[in-house]
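Residue strings, one per chain:
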Amino acid sequence: MTAEDTFHAMGAFTDDPEAAEYTAYGSDWSEIADEATRLAQQRIVVNMGPQHPSTHGVLRVMLEIEGETVTETRAGIGYLHTGIEKNMEFRTWTQGVTFCTRMDYVASMSQEAVYCLAVEKLLGITDDVPERANVLRVLMLELTRIGSHLVAVGTGGNELGATTVMTEAFVGREDTFRIIEMISGLRTNNAYIRPGGVVVDAPAGTVEYIRKLIPQIRERLDHLVDLQLENPIFKLRLKNVANLNLAGAMALGITGPMLRSAGLPYDVRKAEPYCGYETYDFQIPTSTDADAYSRVVLRLEECYESLKIVAQCADRLEQLEGQPVMVADKKIAWPAQLALGPDGQGNSLDHIRHIMGESMEALIHHFKLVTEGFKVPAGQVYTAIEGPKGLLGCHLVSDGGTKPWRAHFRDPGFNNLQSLGILTEGGQIADVVVSIATIDMVLGGVDR
Amino acid sequence: MTDDVTVPPTAPDGREPLTLINVREGMFGAPGDISGYDGLVRRIEMPGATDRPYGDWFDGVVDILEELLGDRAEQAIEYVVVDRGELTLYIAREHLLEVAQHLRDDQDLRFEMCLGVSGVHYPAETGRELHAVYPMQSITHNRRLRLEVAVSDADPHIPSIVSVYPMNNWHERETWDFFGIIFDGHPSLARIEMPDDWVGHPQRKDYPLGGIPVEFKGAEVPSPDTRRQYR
């Protein structure tokens, strides 16, 4: 196959038919280096990925290097494209939750929330969602934010060779999963937030459990702060690396911790509150250093702020004990509450007794709503929330039927990954890994 | 459900309908309609153009934009739609770049960010099958509006706004990839999610979802896009 009839994302990189190709599988690089020296070609293109362990999924990075310096960077994405948006056009509005939760699988709840807020806006029931459901949503969103930031910080440390940072972060994240699992039944990909509310109420003992785990999570955060922030090696690797100033961030549409590290305190939770965020007490940490180090600091600070919100959620859950968690409209609300049985989670026995033994109408209602779904009036909406990685948007179009006509998600990672070139070009090849970690995208969300 | 028969042919608020989303026949989305409603034909339309006053900050923004566009305003802004508290401006593609420039640069508009471009395919709307939807975010004024550009399937060209909003680079590539809308003037309009040699644009409505029928306990369940389903 010649260069002319190959199709790949290398573009201008491969138009030189004289270019020699080397393939390395992580074994001995000295042979390749010797061969490159012998051929004396100045321009070397290194293909990093798509299966490199430090790329947070399957990302292919094409680097043109001169010695150790990167002169040009391109990101090749699409390796995790699974057609989630297209699939959602063939499922009911409720089933859509199970698809979009799998996009950015490190921050499942954020996608569920932005999608459900969009469906509710289309239905015009935003204000009808019960308060307890909103508190549970906020609780889940903040636990997800902590989990996502811990993965960002932990894998970032791991990529620099600091395995303890990774294990500490993942142990802390496990505690957030314990709370999420206790309430929703699942660790990730929960399909917990549904149009109209949440699928199941928090079981008895949740508030005590949250209060028990908050200090544990805080302790892990303290460990990460102690391990990293004053560590001279860590500072050498991250300070003044992957710089992106405010002008650059605005031009590239960067949001989330990357934008706040450049000094703009933009956070959708404050600018355009949803799910009652305006009633919680929390701060938006910012920095003006605009480098990889400041973003680690910001992510850890945000985790502490999120813990504050989690504690407030626990207090409110206590006050709102026994309140509904789904809209009162029976034409929209999922008919069953879930319960844990001996064979796993499913419809509660009370509900099954009701539809199978007591009420024919209830059975018909259940069957129609579950198989057919509900109709959503025609129109289009755009909703945005502050995901852990930045502004997460959802554009939904309804044709008045039981399924979306079009569902589109603006994943913050997709947008922020565009900055990889500006973060890495002119820097050292070793800093590429730091730059990828500081963007903190998850390729499942980028490719959808 | 019997209330389907009463779905009115126009938008529910009685406004002039704008975008024809779909013409739906029968009750099920697939052959073999046994619902008894197989002769039913329904036109599904988007909420239509709104008359002034639009309410909230919407009038001010449209006024400023009209003033900046001068005598081109009438051609540039095709319709203004206010629906569910959101402002949508339908823009003629020839004027998109100018509108985007004003939205970004004027101090009273200051929509610093374009949150991408989402394509939508309306095969039933002859001559305006492909829509590009641009959500614009103003951080200064904390506002969001939507630009919508409609083009025909036969001539799917829209000027690229990457020169004004560099952040839209990948988003336009994605919309080209999935819908086949050609963004003229884009620095490198290559496919982004699908492989470079892929044929077709997968998120158009005429592109099948794919999938195979699944056999379950002797019964065959068709793939999702050929399944009988209420629409």
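Residues numbered from 1 in each chain as written. Chains lettered and ligands numbered in written order. Predicted model: local features only at pLDDT ≥ 70, side-chain atom pairs only at ≥ 80, totals over all residues.

Peer 1: Looking at this model, I keep getting lost on the overall build of chain B. Mind explaining?
Peer 2: When helices and strands are tallied, chain B shows 4 helices and 12 strands. For chain B, the residues scored as buried account for 38% of the 231 residues in total. Counted over contacts in chain B with a minimum sequence separation of 6, partners at least 24 positions apart contribute 55%. (Helix = DSSP H or I, 4+ residues; strand = E, 2+ residues; numbered from the N terminus. Buried ≥ 20, exposed ≤ 12 C-beta atoms within 10 Å, placed from the backbone. Contact = placed C-beta atoms within 7 Å.)

Peer 1: Would you take a moment to explain the overall build of chain A for this structure?
Peer 2: Along the backbone of chain A there are 18 helices and 10 strands. Compactness check: chain A gives a C-alpha radius of gyration of 24 Å against a globular reference of 22 Å for 448 residues, within 12% of the reference. With the principal axes as the frame, chain A shows a C-alpha extent of 85 × 50 × 45 Å. Every one of the 448 residues in chain A was classed for burial, and the buried ones make up 51%. (Rg over C-alpha atoms; globule rule 2.2 N^0.38 Å.)

Peer 1: Looking at this model, I keep getting lost on the interface of chain A and chain B. Mind explaining?
Peer 2: The figure often quoted for interface size is the accessible area lost as the parts come together. Contacts between chain A and chain B engage 44 residues on the former and 40 residues on the latter. Sorting the residues of the side of chain A that touches chain B by element identifies helix H2 (84-88), helix H4 (108-123), helix H9 (246-251), strand S8 (379-387), strand S9 (390-398), strand S10 (404-410) and helix H15 (412-416) of chain A as the ones contributing at least two each. Grouping the amino acids of the side of chain A that touches chain B by side-chain chemistry returns 18 nonpolar, 16 polar and 10 charged. (Nonpolar A, V, L, I, M, F, W, Y, C, P; charged D, E, K, R; others polar.)

Peer 1: Teacher, can you tell me more about the nonpolar core here?
Peer 2: A general tendency of soluble globular proteins is for nonpolar side chains to be buried together. With 167 residues, the main nonpolar core has A:Ala118, A:Val119 and A:Met140 as its most contacted residues. Once residues within four sequence positions are removed from consideration, A:Ala118 is found in contact with A:Val381, A:Thr383, A:Cys394 and A:Leu396. (Core = buried A, V, L, I, M, F, W, Y, C linked by C-beta atoms within 7 Å.)

Peer 1: What is the right way to look at the packing of helix H7 (residues 206-228) of chain A against helix H12 (residues 292-319) of chain A in this model?
Peer 2: Each packed pair of helices is defined by two parameters, the angle between the axes and the distance between the axes. Residues and elements named next belong to chain A. Packing of H7 against H12 leaves a shortest axis separation of 10 Å and a crossing angle of 170°. Taken together, the axes of H7 and H12 lie roughly antiparallel to each other. Across from Thr206, Val207, Ile210, Arg211, Ile214, Ile217, Arg218, Leu221, Leu224, Val225 and Gln228 in H7, the residues of H12 making contact are Val296, Leu300, Cys303, Tyr304, Leu307, Val310, Ala311, Ala314, Leu317 and Glu318. Split into classes, the residues belonging to the contact of H7 with H12 amount to 16 nonpolar, 2 polar and 3 charged. (Axes fitted to C-alpha atoms, helices over the stretch in contact; angles between N-to-C directions. Parallel < 35°, antiparallel > 145°, perpendicular 65-115°, else oblique.)

Peer 1: Any chance you could explain H7(A) here in plain terms?
Peer 2: Since one α-helical turn is 3.6 residues long, residues separated by three or four positions face the same way. All names here are of chain A. Taking 1.5 Å of rise per residue, 23 residues should cover 33 Å, and H7 covers 32 Å from first to last C-alpha, within 8% of that figure. The set of residues buried in H7 consists of Ile210, Ile217, Arg220, Leu221, Leu224 and Gln228. Those residues of H7 that are buried lie in contact with helix H5 (131-159), helix H6 (163-184), helix H8 (232-238) and H12. (Expected span 1.5 Å × (residues − 1).)

Peer 1: Can you help me understand the domain arrangement of chain A in this one?
Peer 2: Residues and elements named next belong to chain A. In terms of domain boundaries, chain A breaks down into domain 1 (94-329 + 427-447) and domain 2 (333-373). Between domain 1 and domain 2, the contact holds 9 residues from the first and 6 residues from the second. When grouped by side-chain class, the residues that make up the side of domain 1 that touches domain 2 number 4 nonpolar, 3 polar and 2 charged. (Domains from an automatic or database assignment.)

Peer 1: Any chance you could explain the confidence of the model for chain B here in plain terms?
Peer 2: Detail in the predicted coordinates should be disregarded across regions flagged by low pLDDT. Residues and elements named next belong to chain B. Taken residue by residue, chain B gives an average pLDDT of 84. The fraction at 70 or more is 88%. Every residue in residues 1-14 is under pLDDT 50, and counting partners more than four places away or in other chains gives 15 contacts. Interface confidence for the predicted complex, expressed as ipTM, amounts to 0.86; the pTM equals 0.88. (pLDDT = per-residue confidence, 0-100.)

Peer 1: Looking at this structure, I do not really get the sheet that holds S9(A). What am I missing?
Peer 2: Sheet strands pair via backbone hydrogen bonds, and the direction of the pair is either parallel or antiparallel. Residues and elements named next belong to chain A. Taken together, the 3 strands give an open sheet; going across it, the order is S8-S9-S10, and neighbouring strands pair in antiparallel fashion. Every other strand in the sheet has two partners, leaving S8 and S10 as the edge strands with one partner each. The sheet shows a mean angle of 15° between the axes of neighbouring strands, direction not considered. Sheet topology places S8 next to S9; 9 bridges connect them, and they run antiparallel. Looking across to S9, one finds that Ala384 is bridged to Gly393. Running at roughly 150° to S8, H4 makes contact with S8, S9 and S10 of the sheet. (Pairing = 2+ DSSP bridges.)

Peer 1: Just to check I follow, could you spell out the packing of H5(A) against H6(A) for this structure?
Peer 2: Residues and elements named next belong to chain A. Between H5 and H6, whose axes approach to 7 Å, the crossing angle comes to 165°. One element, H5, and the other, H6, form an angle in the roughly antiparallel class. At the point where H5 passes H6, the crossing takes the left-handed sense. Residue-level contacts link Met140, Leu143, Ile146, Gly147, Leu150, Val151, Val153, Gly154, Thr155, Gly157 and Asn158 of H5 to Thr163, Val165, Met166, Ala169, Phe170, Gly172, Arg173, Thr176, Phe177, Ile179 and Ile180 of H6. (Left-handed = near helix turned anticlockwise from the far one by under 90°.)

Peer 1: Please clarify how the environment of A:Leu150 should be interpreted in this entry.
Peer 2: All names here are of chain A. Structurally, Leu150 is set in helix H5. Classification of Leu150 as buried rests on a count of 29 C-beta atoms within 10 Å. Note: C-alpha distance between Leu150 and Leu300 (150 residues apart in sequence) is 7.8 Å.

Peer 1: So what exactly am I meant to see when it comes to the sheet that holds strand S2 (residues 60-66) of chain A here?
Peer 2: Residue and element names in this part refer to chain A. Spatially, S1-S2-S3 is the arrangement adopted by the 3 strands of the open sheet, whose pairing is antiparallel. Each edge of the open sheet is held by one strand with a lone partner, namely strand S1 (44-48) and strand S3 (69-76). For this sheet, the mean angle separating the axes of adjacent strands, direction not counted, is 20°. The pairing of S1 with S2 spans 5 bridges and is classified as antiparallel.

Peer 1: Help me understand the pairing of strand S4 (residues 86-91) of chain B, please; the structure alone is not making it clear to me.
Peer 2: Regular strands place their side chains on alternate faces of the sheet. Residues and elements named next belong to chain B. Most of S4 sits out of view: 5 of its 6 residues are buried. Across 3 bridges, S4 lies against strand S8 (residues 143-151) in parallel orientation. Within S8, the residue paired with Leu89 across the bridge is Leu147.

Peer 1: Just to check I follow, could you spell out the environment of A:Phe177 for this structure?
Peer 2: Residues and elements named next belong to chain A. The residue Phe177 is located in helix H6 in this model. Expressed as a C-alpha distance, the spacing of Phe177 and Gly147, which sit 30 residues apart in the sequence, is 7.9 Å. Not counting residues within four places of it along the chain, the set of residues in contact with Phe177 comprises Gly147 and Arg187.

Peer 1: Sorry, what's going on with helix H3 (residues 96-105) of chain B here?
Peer 2: Residue and element names in this part refer to chain B. Those residues of H3 that sit buried are Leu96, Val99, Ala100 and Leu103. Projection of H3 onto a plane perpendicular to its axis shows the buried side chains occupying an angular sector of 100°, all on one side. Of the surrounding secondary structure, the elements contacted by the buried residues of H3 are helix H1 (58-69), helix H2 (73-76), S4, strand S7 (130-138), S8 and strand S9 (157-159). (Arc of directions from axis to C-beta.)

Peer 1: So what exactly am I meant to see when it comes to unusual backbone geometry here?
Peer 2: Among all residues save glycine, negative phi is the norm, and among peptide bonds the norm is trans. The step from B:Arg52 to B:Pro53 runs through a cis peptide bond, and the omega angle for that step is -5°. Note on placement: B:Pro53 falls in the loop between strand S2 (41-45) and H1. In the Ramachandran plot, A:Ala242 falls in the positive-phi region, its phi being about 55° despite a non-glycine side chain. Its location among the elements puts A:Ala242 in the loop between H8 and H9.

Peer 1: I tried to follow the confidence of the model for chain A on my own but got confused; where do I start?
Peer 2: Taken residue by residue, chain A gives an average pLDDT of 86. The fraction at 70 or more is 91%. This model gives residues 1-13 of chain A a pLDDT under 50, and the stretch forms 13 contacts once residues within four places in sequence are excluded.

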